[in-house]
2 protein chains.
Amino acid sequence: MTTQDARTPENTSDDARPREIGWHKGYLSGSRPDIRVPVRRVHLTNGRDVTLYDTSGPYTDPNIDTDVRRGLAPLRENWIIARGDTEEYAGREVRPEDDGIKHTSPRGGLRNLDAVFPGRPRLPRRGRGGTTAVTQLAYAKRGEITPEMEFVAVREGCTPEHVRDEIAAGRAVLPANVNHPESEPMIIGKNFLVKVNANIGNSAVTSSIEEEVEKMTWATRWGADTVMDLSTGRNIHTTREWVLRNSPVPIGTVPLYQALEKVDGKAEELTWEIYKDTVIEQCEQGVDYMTVHAGVLLRYVPLTARRKTGIVSRGGSIMAAWCLAHHKESFLYTHFEELCEILRAYDVTFSLGDGLRPGSIADANDEAQFAELRTLGELNRLAKSHDVQTMIEGPGHVPMHKIKENVDLQQEICDEAPFYTLGPLTTDIAPAYDHITSGIGAAMIAWWGTAMLCYVTPKEHLGLPDRDDVKTGVITYKIAAHAADLAKGHPGAQEWDDALSDARFEFRWEDQFNLALDPDTARAYHDETLPAEPAKTAHFCSMCGPKFCSMKISKSIMEDYGDSMELTSDEEREAVAGMAEKSKEFAEAGNRVYLPIAD
Amino acid sequence: MTTQDARTPENTSDDARPREIGWHKGYLSGSRPDIRVPVRRVHLTNGRDVTLYDTSGPYTDPNIDTDVRRGLAPLRENWIIARGDTEEYAGREVRPEDDGIKHTSPRGGLRNLDAVFPGRPRLPRRGRGGTTAVTQLAYAKRGEITPEMEFVAVREGCTPEHVRDEIAAGRAVLPANVNHPESEPMIIGKNFLVKVNANIGNSAVTSSIEEEVEKMTWATRWGADTVMDLSTGRNIHTTREWVLRNSPVPIGTVPLYQALEKVDGKAEELTWEIYKDTVIEQCEQGVDYMTVHAGVLLRYVPLTARRKTGIVSRGGSIMAAWCLAHHKESFLYTHFEELCEILRAYDVTFSLGDGLRPGSIADANDEAQFAELRTLGELNRLAKSHDVQTMIEGPGHVPMHKIKENVDLQQEICDEAPFYTLGPLTTDIAPAYDHITSGIGAAMIAWWGTAMLCYVTPKEHLGLPDRDDVKTGVITYKIAAHAADLAKGHPGAQEWDDALSDARFEFRWEDQFNLALDPDTARAYHDETLPAEPAKTAHFCSMCGPKFCSMKISKSIMEDYGDSMELTSDEEREAVAGMAEKSKEFAEAGNRVYLPIAD
């Protein structure tokens, strides 16, 4: 997010197309030729450039020919191989039930990986011997700066050492499964830009593989930093494979959903073996982070009995039912260290799920929620001791005055591990507008320290988001994230606002559109009222019309006073003293408070 | 906002139609038959009622036949007459230039009031002798509880004494021009529900009288508590007359806009006489509150010269230009006490405008802004000393971490006078989504003490809002206001959320829709994914489908534990001890974690 003069070649190594007004894909270079960090380069009409963070992947680079059947190029593959600590291996056999196809399926036959994804047959990779920690955390702890860390440093505008330090301290994660080499490295931590996750996923009720891949590229086009595939219906395995092979951002999942499909939805029939097999299946596909509801302990379940809305996390309710059925702690909790051993061999990041998060204003910050958080704090330490990167999930539905307590407690209990929150929704009364009820809470919780925000779409509580809902959710959450970046004083965050405000004040309409989070809609709204092309350069807008334009009056004032004024109080007094003369000049110039209208 | 059993007749005096599922107009009664406070009565499928605040006026009462050409019934007329402190008088003659019709207009002729509004010829009314204070503040200071105050008390669910005390202390205003008897009394103050204003108004560029009246009724339909008519083009006078005669909510204006039209947009030609004449014109029409930018002092203008976006308030920039042209303090400031004498004879409330509010993140909380605020503090005291009700306008564009300072300073400097803020927008980067950038700031500033929020629509900075934009703006701001009511712990605010969350947990879909801020959109979104009628009673939704429903799992847990559980830690331990037995019961019942699906 650095504003730079177009004439300065610094960091503008190899943009995708020659300079013209508008915005285009560009790349910042690192210390080696294979570190090319994508940016959105906005070329302004005043000859300046504004460089913005870009999550859209190769799809917005006209020089790259993408094809969803082939997948994206494995950007990180050489880096992973070069480290020499991983091995290819045969991997787990893909079975029909991975896609929710029952044993009684008429076709019956085994699917193979080639059938799942025709693009690029590839053996899975893992840490040598199946247990070597190949995580960014392990490298950071050893003091190594990986190409991924350097990529992130260029992307965030900080030093690689800062990236390494934050990862080593557990304050940030860089989700990067060795089997998802297509992903562009990004970092999640409170001392970096606030990130946004978009959930996609089919369900038993609706939607297809194609739709999910389309939603993923669409979400990243508008700024999603990660995508979670929460599919629960048919074709879970295949959908995920297509999403992963085409995703430039880290992909998260909740393996429990698929595991439950494998036992026909009977929670009590879930076993560690089935779950473990599912986790390995997903590790081999390349899932970058996994939500694990290991903090739902047996003794916490009764704490939810008097709640207004009980347990609203799907994973939480499944594990609660399992604990009750078996009257013991869940296999997620009892096998947690074994799970750590698996994840660290692929560099899958834990997202420790808040299975007991509140599902209504009435249930916020209750004992069930905070009891689970304390357990997540213990698990966080355990995971780190196994070199597994870890973030912590948070609520949910929380009224404004109870939000800060959530972050403060999480940061304290979980040693400042990245907090990853869903909203929170600040009121329950607005179904169809929960992107807004939660956007309010999201901005606040991010300001106070949340590292990544899980978006909420207008369809929350009502249905599955379509393409438009995904866009609305992502844009709303980019607003929340950026508002938080500003409030946190992130270096460079305000330059974006300043560039847009400058364009607004100078009536550079095209620049305003191109700098907007959503240029298309901004332009469309303007054209609705003043469709003519000259209006794009007009020195007024449709709100006030030419006569009432405060911007024009202000510009006239600035032209009179801007150069001679200092804003300290001594000089202020002088200025006021000098105003009589100015007033005369103003009158002599015809008392014009409005500038002439262009064309 | 009280939840009550339908069988309790308390306060359900005369609902508009018999009980059936859905929501309908109802009325709460006061101590006398002519105090009938409108409410929105939601009838739930479980036999309970939820009573919500209602701003929609007689338009939603099927027993009342409304006609925009006739206007609304003068609800408060008898109360005003009964006080015996007002008089009818001939009033100012309506002139062509009041509607922006130039002296060179081809038709030329004078318009009379009848031509302006055919509905109900009526002489204007004012305090006896033209100077008697007939303000709710004057009555409150004298210890009188007016019918307007009692109406408000019923509406807010508090005592009339509380209403009187807050008005007398200047912490609340009850805008109620004696010439707008059609309005339903409402109150603006931090110790009441947070209110929302919607701006409408034509401009030189677009829109008609009919459209503005339609936008006003549409805005109040969705919850606008007041409406500001900010028209700047032709037919200002006539548009305002039609809006007032048909408005059930207080109407605000910025008289300066019309005054400037009368001098052909030449700010330096404005005079106190022209302005005063315009104010009286609007007082006689019934405008309930007026934005007056009297705090823009000559010496503050240079403080804006180095700003990124100068002066963005139209009124502020006009007055700044005037001050510069004449090199003296504005007539608004020098004639302020005379203005007080006028307003108090009609009970018009001051909305002291923040002409120097920031128009970009970069300019927030600067010296220009706070210098003006200090002047508004002085003017606030002056206005109160003349018994004129007063509120104070606030920004604008403010990053989250600078919002609280605005409220705290305003409350301190202005003796807790109601704060009335525009947003604030928490970032500048999202034109077309400024209802959201500002909804975030609005919720926060209201939590911290702002009494009324001026909405922002998606068209802000881009064009004039249409019907859909008005609705989106109002709903967004109702969310912000209600989130603040919750965070402030307003008695009763949470009952609404609880009622909706209960409906959600119990899969009462129709109740969820009817309790929603926007039932139509909530229902439409649900139907988009699961259109069939049986889905309205299904015990699952389209997000997870029947197998993964956490709500169903939770209900099963509650049925097992809900009655026997206490959430104190002692009993918690006992409960955990008792869980082995429960687990056995659970297994014996077939380990069913899902309830049977209805139909």
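In this text the structure is predicted, and so the values were computed from the model without any measurement. (Residues numbered from 1 in each chain as written. Chains lettered and ligands numbered in written order. Predicted model: local features only at pLDDT ≥ 70, side-chain atom pairs only at ≥ 80, totals over all residues. Heavy atoms only, no water.)

A. Seen up close, the nonpolar core. Counting 287 residues, the largest nonpolar core has Tyr275, Phe350 and Met400 of chain A together with Tyr275, Phe350 and Met400 of chain B as its most contacted members. Look past the residues within four positions of Met400 of chain B in its chain and what remains in contact with it is Ala443, Met444, Trp447, Ala483, Ala484 and Ala487 of chain A together with Thr426, Ile440 and Met444 of chain B. (Core = buried A, V, L, I, M, F, W, Y, C linked by side-chain atoms within 4.5 Å. Buried < 20%, exposed > 50% of the residue type's maximum accessible area, 1.4 Å probe, protein only. Contact = heavy atoms within 4.5 Å.)

B. Structural detail: the pairing of strand 2 (residues 22–29) of chain A. All names here are of chain A. Within strand 2, six of the eight residues are buried, leaving the element largely enclosed by the surrounding structure. Across eight bridges, the pairing between strand 2 and strand 3 (residues 36–43) is antiparallel. Bridging from a neighbouring strand, Ser29 pairs with Arg36 of strand 3. (Helix = DSSP H or I, 4+ residues; strand = E, 2+ residues; numbered from the N terminus. Pairing = 2+ DSSP bridges.)

C. View of the environment of Phe336 of chain B. Residues and elements named next belong to chain B. With respect to the element layout, Phe336 can be found in helix 12 (residues 336–344). Taking the C-alpha atoms as reference points, Phe336 and Leu464, 128 residues apart in sequence, are found 32 Å from one another. Here Phe336 is in contact with Ala294, Phe331, Phe350, Leu352, Leu379, Leu382 and Ala383, once residues within four sequence places are set aside.

D. Up close: the UniProt feature "binding site: Zn(2+)" (unreviewed entry) in chain A. All names here are of chain A. The positions UniProt marks with the feature "binding site: Zn(2+)" (unreviewed entry) are His397 and His461. In summary, the annotated positions, though distributed over 65 residues, converge in three dimensions, the widest C-alpha pair being only 12.3 Å. Looking at where His397 falls in the secondary structure, it is placed in the loop between strand 14 (390–394) and helix 14 (403–413). Judged by relative accessible area, His397 falls into the buried class, the value being 6%. Assignment of secondary structure puts His461 in the loop between strand 16 (452–454) and helix 16 (467–487). Assessed through its relative accessible area of 12%, His461 is described here as buried. (UniProt positions renumbered as here; feature names shortened; annotations may be inferred.)

E. Main features of the sheet that holds strand 9 (residues 195–200) of chain B. Taken together, eight strands build a closed barrel; the order of strands is 9-10-11-12-13-14-15-16 (chain B) and the barrel is parallel. If you compare each strand with its neighbour and ignore which way they point, the axes differ by 25° on average. (Axes fitted to C-alpha atoms, helices over the stretch in contact; angles between N-to-C directions.)

F. Spotlight on the side chain of Lys190 of chain B. Residues and elements named next belong to chain B. Here Lys190 is to be found in the loop between strand 8 (188–189) and strand 9. At a separation of 2.5 Å, a polar atom in the side chain of Lys190 contacts the side chain of Glu416. Apart from the residues lying within four places of it in its own chain, the contact partners of Lys190 are Arg171, Gln411, Glu416, Gly449, Ala451 and Lys488. (Polar contact = N/O pair within 3.5 Å; in protein donor to acceptor, adjacent residues only side chain to side chain.)

G. Here's a closer look at the packing of helix 4 (residues 147–156) of chain B against helix 5 (residues 160–168) of chain B. All names here are of chain B. Running from N to C, helix 4 and helix 5 point in directions that differ by 115°, and their axes come no closer than 8 Å. Pair helix 4 / helix 5 crosses with right-handed handedness. Residue-level inspection shows Met149, Glu150, Val152 and Ala153 of helix 4 in contact with helix 5, the latter providing Pro160, Val163, Arg164 and Ile167. Residues belonging to the contact of helix 4 with helix 5 are distributed by class as follows: six nonpolar, no polar and two charged. (Left-handed = near helix turned anticlockwise from the far one by under 90°. Nonpolar A, V, L, I, M, F, W, Y, C, P; charged D, E, K, R; others polar.)

H. Highlighting the state of the cysteines. Inspection of every chain in the model, using the stated rule, returns zero disulfides over all chains. Not part of a disulfide, Cys340 of chain A finds its nearest cysteine sulfur in Cys283 of chain A, a span of 12 Å. Classification of Cys340 of chain A by relative accessible area gives buried; the value is 0%. Summary of cysteine pairing: Cys414 of chain B is not part of a disulfide, and the nearest cysteine sulfur, belonging to Cys340 of chain B, is at 14 Å. Residue classification places Cys414 of chain B among the buried positions, given a relative accessible area of 0%. (Disulfide = S-S within 2.5 Å.)

I. How the structure looks around the packing of aromatic side chains. Counted according to the given criterion, the structure contains 18 aromatic pairs over all chains. Look at Trp509 of chain A and Phe513 of chain A: their rings are 6.3 Å apart centre to centre, the planes differ by 40°, and that puts the pair in the tilted class. Here the residue Trp509 of chain A and the residue Phe513 of chain A both occupy positions in helix 18 (residues 509–515), the gap between them amounting to four residues, near one helical turn. We classify Phe513 of chain A as buried; its relative accessible area is 0%. Consider the rings of Trp272 of chain B and Tyr275 of chain B, whose centres lie 6.3 Å apart with planes at 35°: the pair is tilted. With Trp272 of chain B and Tyr275 of chain B both in helix 9 (residues 272–285), this residue pair falls three residues apart, about one helical turn. Here Trp272 of chain B matches Tyr275 of chain B in class, with each residue buried. An aromatic cluster of three or more residues is present, and its members are Trp272, Tyr275, Trp322 and Phe331 of chain A. (Phe/Tyr/Trp six-rings, centres within 6.5 Å; stacked < 30°, edge-to-face > 60°.)

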